[in-house]
Amino acid sequence: MTTSQTGTPGSPPLPYSGLTVVEWAGDPAGEGTGRLLVELGADVIKIEPPQGSPTRRIGPFAHDVVSADTSLTFWYYNFGKRSVVSDGSESDQALLHRLLVGADVLLITLRPREIAAAGLDYSELLTTHPQLIILSVTAFGLDGPWADYRTCDLVGLAAGGPLASCGYDDHSIPPIRPGGNQGYHTATSFAHCGLLLALLDRQRTGAGQLVDVSMHESLAVSGELANPYWFYPKVLVHRQTCRHAQPVPTQPALFRCADDRWVYFALILADRKPWDALVAWMESLGVAADLTDTAYDDLAHRQQNFQHIQELIECLFLLQDATTAYHEGQRRGLPIGPVNAPEDVLDDEHLQARNFFTTVAFDSDLSALVPTSPYRFSSFQTVAPTRAPRLGEHTGHVPGAEEADR
Amino acid sequence: MDARHPSLVQRQPRARRGPLSGIRVADFCWMGVGSVATRMLADFGAEVIKIESRTRLDMPRRLPLYKNDSRSFGAEDPDPDPDKGGLFNNYSRNKLGVTINMRSVEGRELAERLIAQSSVVTENFAPGVMAGWNLTYERLRALCPEVIYAHMSGFGQNGPHHSYRSYGPVVQAVSGLSFISGLPDREPSGWGLSYMDNQAAYYNSAALLMAIMHRNATGKGTEIDTSAVEVGVSLLGPDLLDVTVNARPTRRPGFPPGNRLEHPQAAPHGVYPCAGEDRWVAVAVFDDTDWHRLTEAIGNPAWTTDPRFASGSSRFAHADALDAHLAEWTRQRSPHEVMTLLQDNGVCAGAVQDARDLNEVDPQLAHRGTFFELDHPVIGPARFEGTPVAFSRVEQDNWRSAPLLGEDNSYVFSDILGLSTNEVADLAAAGVI
């Protein structure tokens, strides 16, 4: 094992301090997994082909300059890693074998056909390196009729189920992909947990193993209510605009505010406390109308007049901007959320007070805010993000390889 | 011979298998995030003891997801059978269940005794509830040195909004995930599920596993504060860097792009109608190789030779016309027919599968054994969502469906805490358990 580069000397060890990960990954699911490991102290050595990881060619690009070292997609998934490129004097396989001598984990995203084409054999690798954990993160898993099928974020979300729940009330519009690569991110979450279970097993037994993570399966178990509705009452849920897909239609939950921004608020009619809080709020702004009538104390009456109530709630929100509605509603105990754009969260006073963002220097003249790790432990500090490596930046400077040479 | 129902005999707690065997968790979690987070610990060998209130039932026990009884969320039973809820079964399999009245002094004493016999404590109440029972990190450390104490909340344990109320859709709105999801120039479509209940749960599972691994190595316990909103912001993806590095706001015309893909420019890239009611298929073509595979696979119809579709950038520029042509072809076929035909020709495509497809059509999930079954004394046999990871050594230990309300009171209070049968009976009579 090599010593982690990250963490300051004398600071408490992190969960992945001393853990060396060789990453052979070319998509956000695999690269995102490596990023999480960096945040908790691992040394992640990324093997790249001479032209770089495929994600280096995906925009947007810093200041719109297209190059292997300016992809924001690559940056986002590769904070704090080291990049090694075969210098041509040896094959990729030879480089991999050299690096694996000092490694704890091989994080790899090849499908079965690609594994064979690369001349790799995972069981052989595990025989040669009995303590190695091979963390395979693929579209559909390493076996089964779809194992060699291709995926991407859209196709993953479609086949895995979540997409069917997302879109608009108008079903002439197709299901709409939620943004930000969440299909890949779901696979990453299970890859992280799967690796941890294997590391815990290795702590007890000393043995490595193959951890075979399927993005398709990760999404198939992440549809929230869709599967339980099928397991139990055997009904399907149907997509609705920005609110839970349900077996039967429910009232809208997005409301437009005075500043043309949206808030999310779903009124649960059956609960008395939020009802009273809502009516008191409406009264204070003069839009409670008849909702103060005692007839509304009766749930059945509220249910019968839900449409009328919704219209008055629309008025309530049109009277104020989204920020005011958020804080005033929350002050009154109502679970309201403003539909923030990413640029809005940077100015959020709560996130600022928690020091959630930090500045990363990407270049001598380029610094920008990025989120820190969302994990907070009292016994140790997570690693502050540092920029992604330039292509081949650490070729020839890899401790694992040096050890192997000795 | 035991005269009880055979399924009850098999429900007796037994030694667990897996990398977490021997670890006892005093689990105060409820609702979605916490229950899903500790489920993974229970699946892999930890003795997770779910502590419940008889008077404030866990929401998944109340939600009307009942076998062979279809009703909407709003049609909640005013006096529900707490052991009938399917969502609770789904979230709390492999856990033990006890009831403790935390509003009573005796109940809180009992909880402290249980914590002293555990090494991990988990909770996802509103911040301040545990402290109100004097269950602070300091108190827990006095009861159980080097304890791991995990708090899972919407906004975290401190900061000006720490007491704000949230659940999945609110977290998704606040963190920016809803905004970046939808067609351009109209309201967002956002999420039709509590995506962030799942993701926050998975992050919390990982936090607990990291803390346990770290304690195994160093002997040190820890307190954990995970905020679902911060997890959500960290999941925004490269769009966030476009904002911070390029100062390019996402409140701009044309954003979000719906099912179109700008980075990299891909076309066709979308969700296309299929035969049947509300049936769809996703197709993604990234380069010329993909395009030629697609045109071959669909039999080279005349429109594919349209010069507007000759290059990637031109296909992207004319995506509306391209989508209309492709939709005419997909409309005559089933989603799975399109998926299989295109994938067998090397084109990235996927049927938009609903829960019935996942459970009854999908050959990959069937092959991998993603879903599994366990019997339940009230519900009967039921399906469960498994762990989407195949291990060569580690085994998921599915020993029992979710606990009946208070099912393990006798085992936990007598066998683990050493109370006599009479003492347990007295506590029950006094409403403490």
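Being a predicted model, the structure only gives us computed values, none of them experimental. (Residues numbered from 1 in each chain as written. Chains lettered and ligands numbered in written order. Predicted model: local features only at pLDDT ≥ 70, side-chain atom pairs only at ≥ 80, totals over all residues.)

Regarding the overall build of chain A
Counting its secondary structure elements, chain A contains 16 helices and 14 strands. Referenced to the eigenvectors of the C-alpha coordinate spread, the extents of chain A come out at roughly 85 × 50 × 45 Å. Expressed as a percentage of the 406 residues in chain A, the buried residues total 55%. Long-range pairs, those at least 24 residues apart, make up 67% of the contacts in chain A between residues at least 6 apart in sequence. (Helix = DSSP H or I, 4+ residues; strand = E, 2+ residues; numbered from the N terminus. Buried ≥ 20, exposed ≤ 12 C-beta atoms within 10 Å, placed from the backbone. Contact = placed C-beta atoms within 7 Å.)

Section: the overall build of chain B
Along the backbone of chain B there are 19 helices and twelve strands. Counting only residues that meet the buried cut, chain B has 54% of its 433 residues in that class.

A few points about the nonpolar core
Formed by 239 residues in total, the largest nonpolar core has its most connected members in Leu106 and Val263 of chain A together with Val281 of chain B. Residues from two domains meet in this core; each of domain 1 (8-234 + 372-429) and domain 2 (269-360) of chain B gives at least three. Residues within four places of leucine 106 of chain A in sequence aside, it is in contact with Val22, Trp24, Leu100, Leu132, Ile134 and Leu135 of chain A. (Core = buried A, V, L, I, M, F, W, Y, C linked by C-beta atoms within 7 Å. Domains from an automatic or database assignment.)

Remarks on the sheet that holds strand β11 (residues 262-264) of chain A
All names here are of chain A. Spatial ordering of the open sheet is given by β10-β11-β12, a layout of three strands whose pairing is antiparallel. Two strands in the sheet have a free side with no partner beyond their single neighbour: β10 (254-256) and β12 (337-338). Here β10 pairs with β11 via three bridges, running antiparallel. When the bridges of β11 are listed, phenylalanine 255 appears paired with valine 263. Seen against the sheet, helix α12 (residues 306-318) touches β10 and β11 and runs at an angle of roughly 50 degrees to β10. (Pairing = 2+ DSSP bridges. Axes fitted to C-alpha atoms, helices over the stretch in contact; angles between N-to-C directions.)

Description of the confidence of the model for chain B
Looking at chain B as a whole, its pLDDT mean stands at 96, while 97% of the residues score no less than 70. Prediction confidence for the complex, expressed as pTM and ipTM, is 0.97 and 0.97 respectively. (pLDDT = per-residue confidence, 0-100.)

Structural notes on helix α2 (residues 33-43) of chain B
Across the eleven residues that make up α2 of chain B, a large majority, eleven, are buried. Buried within α2 of chain B we find Val33, Gly34, Ser35, Val36, Ala37, Thr38, Arg39, Met40, Leu41, Ala42 and Asp43 of chain B.

Some thoughts on the domain arrangement of chain B
Examined at the domain level, chain B breaks down into domain 1 (8-234 + 372-429) and domain 2 (269-360). Domain 1 of chain B and domain 2 of chain B are separated by 42 Å when their C-alpha centres are compared.

What to know about the sheet that holds strand β8 (residues 238-241) of chain A
Residues and elements named next belong to chain A. Taken in spatial order, the three strands of this open sheet run β6-β8-β9, and their pairing is mixed. Two strands in the sheet have a free side with no partner beyond their single neighbour: β6 (166-167) and β9 (243-246). Alignment of β6 against β8, held across two bridges, turns out to be parallel. Bridged to glycine 167 within β8 is threonine 241.

Brief notes about helix α7 (residues 182-205) of chain A
Residue and element names in this part refer to chain A. Its 24 residues place the ends of α7 35 Å apart at the C-alpha level, agreeing with the 34 Å of an ideal helix rising 1.5 Å per residue. Most of α7 sits out of view: 21 of its 24 residues are buried. Once α7 finishes, glycine 206 follows within two positions and takes phi at roughly 80 degrees, a positive value. (Expected span 1.5 Å × (residues − 1).)

Details of the interface of chain A and chain B
With 128 residues of chain A in contact, the opposing surface of chain B contributes 132 residues. Broken down by element, the side of chain A that touches chain B gets its largest block of residues, 15 residues, from α7 of chain A. Where strand β7 (residues 209-214) of chain A and strand β12 (residues 389-391) of chain B come together, three bridges link them in antiparallel fashion. Its bridge partner lying in β12 of chain B, valine 211 of chain A is registered against phenylalanine 391 of chain B.

Describing the confidence of the model for chain A
Residues and elements named next belong to chain A. Summary statistics for chain A give a mean pLDDT of 94 and a share of 96% for residues scoring 70 or more. Contacts for the low-pLDDT stretch residues 1-7, under 50 throughout, to residues beyond four places or in other chains number 24 contacts. In the model, residues 401-406 has pLDDT below 50 throughout and makes seven contacts with residues more than four positions away in sequence or in other chains.

Looking at the environment of proline 233 of chain A
Among the secondary structure elements, proline 233 of chain A is positioned in the loop between α9 (226-231) and β8. Excluding anything up to four places from it in sequence, proline 233 of chain A contacts Leu65, Tyr66, Lys67, Asn68, Asp69 and Ser70 of chain B.

Let's talk about the pairing of strand β1 (residues 24-27) of chain B
All names here are of chain B. Alternating residues of β1 divide into Arg24 and Ala26 and Val25 and Asp27, and every residue in both groups is buried. Pairing between β1 and strand β2 (residues 47-52): four bridges, direction parallel. Each bridged residue has a counterpart across the sheet, and for aspartate 27 the counterpart in β2 is lysine 50. Considered for its hand, the β-α-β crossover made up of β1, α2 and β2 is right-handed. (Right-handed = clockwise from strand over helix to strand, strands pointing away.)

What to know about unusual backbone geometry
With an omega dihedral of -5 degrees, the bond running from phenylalanine 255 of chain B to proline 256 of chain B counts as a cis peptide bond. Looking at the element boundaries, proline 256 of chain B is found in the loop between α11 (238-246) and β7 (269-273). The peptide bond linking alanine 267 of chain B to proline 268 of chain B adopts the cis configuration, its omega dihedral lying at -5 degrees. Phi angles above zero are rare outside glycine, and aspartate 260 of chain A is one such case at about 70 degrees.

A few points about the environment of proline 256 of chain B
Taking the number of C-beta atoms within 10 Å as the measure of exposure, proline 256 of chain B has 25 and is therefore buried. Sequence spacing of proline 256 of chain B and asparagine 134 of chain B is 122 residues, and the spatial spacing of their C-alpha atoms is 47 Å. Discounting chain neighbours no more than four positions away, the residues touching proline 256 of chain B are Gly179 of chain A together with Ile180, Ser181, Gly182 and Pro184 of chain B.

Remarks on the environment of tyrosine 77 of chain A
All names here are of chain A. Along the polypeptide, tyrosine 77 turns up in helix α2 (residues 72-77). Taking the C-alpha atoms as reference points, tyrosine 77 and leucine 346, separated by 269 residues in sequence, lie 19 Å from one another. In contact with tyrosine 77, not counting residues within four places along its chain, are Pro28, Glu31, Gly32, Arg35 and Thr55.

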